[in-house]
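Structural overview
As a plain string of letters, each chain reads:
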Amino acid sequence: MEPKIVLIEESKKTDIEAGLIEDNKVKNETVTTELHFELLKQYAWLSSVIIGAVIILIQLKVVPFSTELYLPFGCFGTSIVISLLGQDYIVDSLVKGKTIYGISKQIKIFRHLAMLTLFFGTGILTARLMQSFA
């Protein structure tokens, strides 16, 4: 085997590149954590807004209040609770020293469940409203 000659300048370049890569990993982890947290927050807010909008429509007597609205409200409430639990899980995991990449599968489950219940509630609510207007 031939001994490999490495110039000092090349060694400095690789050290700088390794440092930049490590800095990018830390920045990406921070951004990824913030995005997951914000997504869960947006799902909770959207569910809250829909509940508020339906309540206003009920008060304006545009939508008749009936027991058929309990299921969509339950779905929206469930979406809010799942989103808050997901945010709590992120915070607890980061406090325990885990990385966002290590818990990304669990966070994805929280996000998908929150979206599923939000969309399910929206679909049921839309069907109910279409029935009442028909």
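See above for the structure.
Report follows, based on the coordinates. Predicted, not measured: the structure shown is a model, and the values here were computed from it.

**Quick notes on helix α2 (residues 70–95)**
- Relative to the 38 Å expected for 26 residues at 1.5 Å per residue, α2 spans 37 Å between its end C-alpha atoms, a close match to the ideal helical length.
- Listing the buried residues of α2 in full gives P72, F73, C75, F76, S79, I80, I82, S83, G86, Q87, I90 and S93.

**Concerning the side chain of Q87**
- Along the polypeptide, Q87 turns up in helix α2.
- Not counting the four nearest positions on each side in its chain, Q87 is found in contact with F37, L40 and K41.

**Side note on the nonpolar core**
- I50, V54, I58, V63, L69, F73, F76, L118, L125 and L129 form the largest nonpolar core, which has 10 residues in total.
- Broken down by secondary-structure element, the contributors of at least two residues to this core are α1 (8–59), α2 and α3 (104–133).
- Counting nine residues, the second-largest nonpolar core is a separate cluster that includes L40, I90, I103 and F110.

**Overview of the packing of α2 against α3**
- Here α2 crosses α3 at 165°, and the two axes come no closer than 8 Å. By the angle between their directions, the pair α2 and α3 is classed as roughly antiparallel. As α2 runs across α3, the sense of the crossing is left-handed. Between α2 and α3, the contacting residues are L71, P72, C75, F76, T78, S79, I82, S83, L85, G86, Y89 and I90 on the first element and Q106, I107, F110, L113, A114, T117, L118, F120, G121, T122, I124 and L125 on the second.
- Taken together, the residues of the contact of α2 with α3 break down into 16 nonpolar, eight polar and no charged.

**Concerning the environment of S47**
- By the secondary structure assignment, S47 is in helix α1.
- S47 sits in the buried class, given a relative accessible area of 0%.
- When the C-alpha positions of S47 and T122 are compared, they lie 9.0 Å apart, and in sequence the two are 75 residues distant.
- Excluding its chain neighbours within four sequence positions, the residues that come into contact with S47 are F76, S79, I80 and L118.

**Considerations on unusual backbone geometry**
- We note that K61 has phi near 65°; this positive angle belongs to a residue other than glycine.
- When you line up the elements, K61 lands in the loop between α1 and α2.
- With a relative accessible area of 71%, K61 lands in the exposed category.

**Description of the pattern of salt bridges**
- All chains considered together, the criterion is met by one salt bridge.
- Of the charged contacts in the structure, one is a salt bridge between E38 and K41, with a shortest N-O distance of 3.2 Å. Here K41 and E38 lie together in helix α1, a separation of three residues that amounts to about one turn.
- Look at K41 and you get partly exposed, because its relative accessible area is 28%.

**Some thoughts on the packing of aromatic side chains**
- In total, this model carries two aromatic pairs according to the counting rule given.
- Aromatic side chains F65 and Y70 sit 5.8 Å apart centroid to centroid with 75° between the ring planes, which places their arrangement in the edge-to-face category.
- Note on F65: relative accessible area 48%, which makes it partly exposed.
- Ring centres of Y89 and F110 lie 5.7 Å apart, and the angle between their planes is 40°; this geometry places the pair in the tilted category. Of this pair, Y89 sits in helix α2 while F110 is found in helix α3, placing the two residues 21 residues apart along the sequence.

Procedures and definitions
Residue numbers run consecutively from 1 along every chain, following the written order of its sequence. Since the coordinates come from a predicted model, pLDDT governs what is reported: local features require at least 70, and pairs of side-chain atoms require 80 or more to be given and counted, while whole-chain, interface and lining totals use all residues. Side-chain measures were taken over the full set of non-hydrogen atoms in the model, leaving aside hydrogen atoms and water. Secondary structure follows DSSP: runs of H or I at least 4 residues long count as helices, runs of E at least 2 residues long count as strands, and numbering of each begins at the N terminus. The span expected for a helix works out to 1.5 Å for each residue beyond the first. The buried label applies to any residue whose accessible area, calculated with a 1.4 Å probe on protein chains only, is under 20% of its type's maximum; exposed applies above 50%, and partly exposed to all values in between. Throughout, a residue-residue contact means that at least one pair of heavy atoms, one from each residue, lies within 4.5 Å. What makes a nonpolar core is a set of buried Ala, Val, Leu, Ile, Met, Phe, Trp, Tyr and Cys residues whose side-chain atoms join them at distances within 4.5 Å. Fitting a line to C-alpha atoms yields each axis, with helices limited to the stretch in contact; the angle taken between N-to-C directions then spans 0 to 180 degrees. Here roughly perpendicular refers to angles of 65 to 115 degrees, roughly parallel to angles under 35, roughly antiparallel to angles over 145, and oblique to all remaining angles. Should the near helix be turned anticlockwise from the far one by less than a right angle, the crossing is left-handed, and should it be turned clockwise, the crossing is right-handed. Ten residue types, Ala, Val, Leu, Ile, Met, Phe, Trp, Tyr, Cys and Pro, are classed as nonpolar, four, Asp, Glu, Lys and Arg, as charged, and the remainder, Gly among them, as polar. Within this document, salt bridges are pairs made up of a side-chain nitrogen of Lys or Arg and a carboxyl oxygen of Asp or Glu, the two lying within 4 Å of each other. Between rings of Phe, Tyr and Trp, where Trp is taken as its six-membered ring, a pair exists when centres lie within 6.5 Å; planes separated by under 30 degrees are stacked, by over 60 edge-to-face, and by other angles tilted.

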